[in-house]
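In case you want the letters, here they are:
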Amino acid sequence: MSNGTDIETFRQEARAWIKANLEPRPKASATGRPDREASTPEDIARARVLQRKLFDSGWAGLSYPAEYGGRGLTALHERVWREEALDYYTPDFGVAGSVTFGAIGRSLVAHCTPEFCRQHIPAILSGDEVWCQFYSEPEAGSDLAGIRTRAVKDGERWIISGSKIWSSGAYLADWAMCLARTDWSVPKHRGLTWFAVPTNAKGVEVRQIRQINGNAEFCEEFLDEVEVTEDDVIGEVNKGWAVTQTMLVYERGAGEMGASMVEPRELAPDLVALARKVGRAEDPAARQAIAKAHINDYAQYHLGHRIADRLRAQATPDPAVAAYGKLASGVLAPIRARLGMEVGGPAALAWAAGDEDGGRPALNYLNGRVTSIAAGTNEMQRNGIGERVLGLPREPSFDTNKPFNEVLGAARNWNSKVG
Amino acid sequence: MDTDVTEDQRALLDVSERFMGQTCPLTVVRDPEARNGAFLASYRRQAAELGWFSMLVPEALGGGNISGNGVLDAALIAYKRGGLLQPGSYVGTNVVACAVAAAGSDELRRQVLGPLVAGEVSASWAVASADANGEPDGGVTAEVTADGGLVLNGAKTAVQDVEPLSWLLVTCRTSAGPAQAVVAAETAGVTVTELDALDISRRFAEVRFDNVAVAPSAVVGIPGAIADLLGQQLALAAVLTAAESVGAMDHELNMTVEYAKDRIAFGRPIGSFQAVKHVLADMSLAVEMAKAVVGAAARSLGDDDGYGEEAASIAKALVGESSIELAQNCFQVFGGIGYTWEHDQHLYLRRLTTDAGLFGDAAWHRERLCQLAGL
Ligand SMILES: Cc1cc2nc3c(=O)[nH]c(=O)nc-3n(C[C@H](O)[C@H](O)[C@H](O)COP(=O)(O)OP(=O)(O)OC[C@H]3O[C@@H](n4cnc5c(N)ncnc54)[C@H](O)[C@@H]3O)c2cc1C
């Protein structure tokens, strides 16, 4: 393998290695995503074996620093790899995968000490450590800086107590990136600290939550005096908001837009098949719906490129610019799902028992708003774009300048009066 | 519009922008008296010196572009033009030049291309008709004569910026199928009637043809066998029109965002209200998406990468819908002032709504997309 960064050479090498070492899989679905994601411990065990194979051969963590087991290449190399590997089985960690290798891994590299990185990054890239996100809480989601899980310093240790919720894939993960409040006497953004927490630590209880689609991939956690050490601090104590900014760029998909991997040129193949199946290929209304879906797929793909270009042009990638990609998927995904229901008609409302294919429009419909809510709601993206890209003034805020320990009381006693 | 514009492209765009700002700012755009025949002729010649009408004509025929992708170059200029709602038949001249270069007789090329590229005359594509369901060959029927010429009868509508000396590319229907010819606007039997129109930044005309005889050398493409040519013309017109719209969308959104920062209500700028802020954020996404798609379509069409026509229809459909949405939303943010003649927003509303309907509206291009895909 050459160390060259030349993209064509890299592509040839990647293609050759993939062909010789990975198993082909049936043609990817329209979105380039596998139809079924890993969801059991057995799936994860299989993924770890394959990930180890990639790692040992130098094909893991392509754009991660070489000193931590990566290759030190660029996002473009990552993209080329994914393009080449599209029709092969690659390690599938399900939701835990994008979380681990995306937002979390990148944020750790950006903010942690070399010792921390040496301990965790190679372990992540080799598949030994799968991570999840302990961010949201029952009382705080959009308002992430309003979380109430507390961490108290006790000598060399930190003791964490509180509860987390909606953590994707937590039941499959080894570690969690956990946000806690470490100073209650200062305004909310200034008293936060991130910790690395082993999910099997004493005092951590993880429970799966059943979702509207019947699966149970996200979880709730109870943290009861969980002990971690000073070495488990991610970034700096009370400066957690800086880490959050980085994390949000990646979580909003600076590189991968959740859109198709290759320019979608085939007219919405899923909807065309559906229209044919229900005998509506000639129906003008169905044809309009199909074309709309394809136009949006094409637009989302090219928007992704445009946003990635804009982010690359910035010294520090701005989460507000990344918000365009996030908002696009949050707006377009539900529309896409609705178009499927429209084309399918009654057949999309009820289908033969056990017929997975027949039930797919309904399943997509139920999942359609995930991207509108998870990783920051559409409304939060609109706030970010409005305020930080367009420069519109912020709304009056009731909490940003109050010590956090006064915020909750003030909110409870709010008399609808401003100022 | 495009995220990676070359230095040469940048230079061209900068001088073009300066030229437009000096020669035809919005004060001129909104004043039809100021945009008289002499003004348009001089505007056209200056624009031609910048290369505005040579991009789609091969060098061997006296044209040339700067990046190697003439569609992209032309779309980048269209984007700048749209921002300032520039007048004149930019899309039409380029489409006609492209068609004549691609399929015109040697005689027609000699006659038409030089003057078009030099800005001595302009050209318009007479394609729309009042009752043809968007079919490009509607409205005008043609008889094919024994020598291979045509005799035209019927009418086209919403023909843009026809000047007394303009060339018209007429798409018509023969018994063999669609056909096309280039006809001078002053030809006997051609009647150009100025129309009142929604868009007041340009001129629109109905063009009637009463037994207009066309020489064989002026027929463009073989009657009944012009599907590919027509597809290329439609794609080019769609991309350039969409690019002009994106420029106008961008400009109008910026105007509106500035207003939302300045206008005070209930003791704070209206842009701080989420109802306003979120609409503007959505429209900003619409602009980003439109730029991404039109840029991609221009590249695709100009590079002849096998997806150009589809990409052009995608761009026209996407922009056709989001531009009207944007114009409506911006109007709302301006409140009462937006309903005044003095304010510029209505110029954008009028232009965007019109461009959305020219050369196929959103629904038409969606259906075309299905047909191109073989559905
Ligand atoms: C499938 C899925 C997976 C997830 N995975 C994870 C995970 O792995 N880890 C994790 O920590 N979390 C995860 N989440 C949680 C997710 O990040 C939150 O649900 C999300 O941030 C919204 O928070 P909330 O649910 O508390 O809603 P709230 O914040 O209570 O919002 C409710 C509504 O109010 C609106 N709203 C709130 N504040 C404002 C405002 N300032 N302006 C305008 N509107 C506002 C919201 O937009 C929303 O419409 C996941 C969620 C889902 C659905």
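Residues numbered from 1 in each chain as written. Chains lettered and ligands numbered in written order. Predicted model: local features only at pLDDT ≥ 70, side-chain atom pairs only at ≥ 80, totals over all residues. Heavy atoms only, no water.

Novice: Even after reading the chapter, I still don't get the overall build of chain B, so can you show me in this structure?
Specialist: Secondary structure summary: chain B contains eleven helices and nine strands in total. Taking 21 Å as the expected radius of gyration for a compact globule of 375 residues, we find that chain B reaches 20 Å, a close match to that expectation. Taking the principal axes of its C-alpha atoms as reference, chain B extends roughly 75 × 45 × 40 Å. Per-residue burial over chain B gives 60% buried out of 375 residues. Excluding contacts between residues fewer than 6 apart, the proportion of contacts in chain B whose partners are at least 24 apart in sequence is 73%. Accessible area for chain B stands at about 13,900 Å²; split by element, carbon and sulfur atoms hold 51% of it. (Helix = DSSP H or I, 4+ residues; strand = E, 2+ residues; numbered from the N terminus. Rg over C-alpha atoms; globule rule 2.2 N^0.38 Å. Buried < 20%, exposed > 50% of the residue type's maximum accessible area, 1.4 Å probe, protein only. Contact = heavy atoms within 4.5 Å. Areas by Shrake-Rupley, 256 points an atom, 1.4 Å probe, with all protein chains shown as cover.)

Novice: Whenever I open this one, the pairing of strand β4 (residues 175-181) of chain A confuses me. Can you help?
Specialist: Residue and element names in this part refer to chain A. The buried fraction of β4 is high, at seven of seven residues. Burial along β4 is two-sided: the face carrying W175, M177, L179 and R181 and the face carrying A176, C178 and A180 are both buried. The pairing of strand β1 (residues 131-134) with β4 spans four bridges and is parallel. Considered in β4, the bridge of W131 is made with W175. Pairing of β4 with strand β5 (residues 192-198), which is carried by seven bridges, proceeds in the antiparallel orientation. Paired with R181 across the bridge in β5 is L192. (Pairing = 2+ DSSP bridges.)

Novice: Is there a simple way to explain the domain arrangement of chain B in this structure?
Specialist: Interfaces are frequently sized by the accessible area removed from exposure as the parts join. Residues and elements named next belong to chain B. The assigned domain composition of chain B is domain 1 (7-118), domain 2 (123-218) and domain 3 (227-372). Relative placement of domain 2 and domain 3: their C-alpha centres are 28 Å apart. The contact between domain 2 and domain 3 buries some 1,400 Å² in all, and 66% of this surface belongs to carbon and sulfur atoms. Viewed at the interface, domain 3 and domain 2 are joined by two salt bridges. Linking domain 2 to domain 3 there are six residue pairs in polar contact (both at pLDDT 80 or more). Among the secondary structure elements, those contributing two or more residues to the side of domain 2 that touches domain 3 are β3 (150-160), β4 (167-174) and β5 (177-184). The class makeup of the residues in the side of domain 2 that touches domain 3 is ten nonpolar, six polar and three charged. (Domains from an automatic or database assignment. Buried area = accessible area lost by both parts, 1.4 Å probe. Salt bridge = Lys/Arg side-chain N within 4 Å of Asp/Glu carboxyl O. Polar contact = N/O pair within 3.5 Å; in protein donor to acceptor, adjacent residues only side chain to side chain. Nonpolar A, V, L, I, M, F, W, Y, C, P; charged D, E, K, R; others polar.)

Novice: Would you take a moment to explain unusual backbone geometry for this structure?
Specialist: Leaving glycine out, the prevailing phi sign among residues is negative, and the prevailing peptide bond configuration is trans. All names here are of chain B. A positive phi angle is found at L85, which is not glycine, with a value near 50°. The topology assignment puts L85 in the loop between α4 (70-83) and α5 (90-103). Positive phi outside glycine occurs at D304, with the angle close to 55°. Counting through the fold element by element, D304 comes out in the loop between α8 (274-303) and α9 (308-334).

Novice: Can you walk me through the site of the ligand in this structure?
Specialist: Residue and element names in this part refer to chain A. Near the ligand, the surroundings consist of 18 residues, among which S136, S142, W166, S168 and T377 are the closest. In isolation the ligand exposes 960 Å². Once the protein is present, 66% of that is buried. At the level of secondary structure, the elements contributing two or more residues to the shell around the ligand comprise β3 (157-168), α12 (370-373) and α13 (378-389). Across the shell around the ligand, the residue classes tally to eight nonpolar, nine polar and one charged. (Near = heavy atom within 4 Å.)

Novice: Help me understand the domain arrangement of chain A in this model?
Specialist: Under the domain assignment used here, chain A contains domain 1 (21-130), domain 2 (132-239) and domain 3 (252-389). For domain 2 of chain A and domain 3 of chain A, the distance between their C-alpha centroids amounts to 31 Å.

Novice: Please clarify how the interface of chain A and chain B should be interpreted in this entry.
Specialist: The interface of chain A with chain B comprises 40 residues on the first partner and 43 residues on the second. Ionic pairing is found between E288(B) and R306(A), a salt bridge with its closest N-O pair at 2.7 Å. Summed over the shared surface of chain A and chain B, the result is 19 residue pairs in polar contact (both at pLDDT 80 or more). Where the side of chain A that touches chain B is concerned, the elements lending two or more residues are α7 (269-277), α8 (284-312), α9 (319-344) and α13 of chain A. With 16 residues, α8(A) is the largest single contributor of residues to the side of chain A that touches chain B. Residue composition of the side of chain A that touches chain B, by class: 20 nonpolar, seven polar and 13 charged.

Novice: Please explain the packing of aromatic side chains as it appears in this structure.
Specialist: For any pair of aromatic rings, the description rests on two quantities: the centre-to-centre distance and the angle between the ring planes. Under the criterion given, the structure shown has 20 aromatic pairs over all chains. Site record: aromatic cluster; members linked through ring pairs are F19(B), F39(B), Y43(B), W52(B), F53(B) and Y90(B). R71(A) extends its terminal NZ or CZ atom over the ring of W59(A), reaching a point 5.3 Å from the ring centre. Above the ring of F404(A), the side-chain terminus of R181(A) is found at 3.6 Å from the ring centroid. (Phe/Tyr/Trp six-rings, centres within 6.5 Å; stacked < 30°, edge-to-face > 60°. Lys NZ or Arg CZ within 6 Å of the ring centre and 35° of its normal.)

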